[in-house]
Amino acid sequence: MSATKRIMSALLLVLGLFGGVATMNAAAAVAAPHAVVQSGTQTGDQVGIQANWRCDWTATSRRVDANCSVASGYVRMWGRCSNGGTYYTPWVGVGRWHLWVDCGSYYLLSFGFNSAG
């Protein structure tokens, strides 16, 4: 694996662990699938895994698609479009899911995932 890919993989993991946002240039299209892996822990009285999931995603300048596998907890995807709207998928639980946000004739500015235990 190249150094650039290792750095990008580490950055995606860190962003996922801390509720980060994956962004992209609106004019660019990403052809290869990417993965966001997250498992969070809680501190204090509630120790344990909050949610455990993995989403492989592909994005174009107007749409993002994700194939997600949820082992525990709940996940949803959101996308921010150039019309000023932020759109959310429904929350999904344990299982395999195909999630997407389509901005229609507007550009996809950013997207990300939320999880809950």
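For the structure given in this document, a descriptive report is provided here. Since the model is a prediction, treat every value here as computed from it, not as a measurement.

Quick look at the state of the cysteines now. A covalent bond between the sulfur atoms of two cysteines is referred to as a disulfide. Taken as a whole, this structure holds two disulfides when the rule is applied. For cysteine 55, the disulfide goes to cysteine 68, at an S-S distance of 2.0 Å. Linking cysteine 55 and cysteine 68, the disulfide has an S-S dihedral of approximately 115° and is accordingly described as right-handed. Separated by 13 residues along the polypeptide, cysteine 55 in strand E3 (residues 48-59) and cysteine 68 in strand E4 (residues 63-72) bring together distant segments of the chain. Of the residues examined, cysteine 68 reaches a relative accessible area of 3% and is grouped as buried. Paired by a disulfide, cysteine 81 and cysteine 103 hold their sulfur atoms 1.9 Å apart.

Positionally, arginine 80 belongs in strand E5 (residues 74-81). Residue arginine 80 is classed as partly exposed on the basis of its relative accessible area, which comes to 37%. For the pair arginine 80 and glycine 112, spaced 32 residues apart in sequence, the C-alpha to C-alpha distance is 9.0 Å. Discounting residues that sit within four places of it in the chain, arginine 80 has contacts with Gly85, Thr86, Tyr107, Leu108, Leu109 and Ser110.

So, about the pattern of salt bridges. One pass over the full model with this rule turns up three salt bridges. Note that aspartate 65 is salt-bridged to arginine 63, the shortest N-O span being 2.7 Å. Put simply, aspartate 102 and arginine 63 hold a salt bridge, and the shortest N to O gap is 3.1 Å. Of this pair, aspartate 102 sits in strand E7 (residues 95-102) while arginine 63 sits in strand E4, placing them 39 residues apart in sequence. For aspartate 102, a relative accessible area of 42% puts it in the partly exposed group. A single salt-bridge network, built from bridges that share partners, covers Arg63, Asp65 and Asp102.

What counts, and where the lines are drawn
Residues numbered from 1 in each chain as written. Predicted model: local features only at pLDDT ≥ 70, side-chain atom pairs only at ≥ 80, totals over all residues. Heavy atoms only, no water. Disulfide = S-S within 2.5 Å. Helix = DSSP H or I, 4+ residues; strand = E, 2+ residues; numbered from the N terminus. Buried < 20%, exposed > 50% of the residue type's maximum accessible area, 1.4 Å probe, protein only. Contact = heavy atoms within 4.5 Å. Salt bridge = Lys/Arg side-chain N within 4 Å of Asp/Glu carboxyl O.

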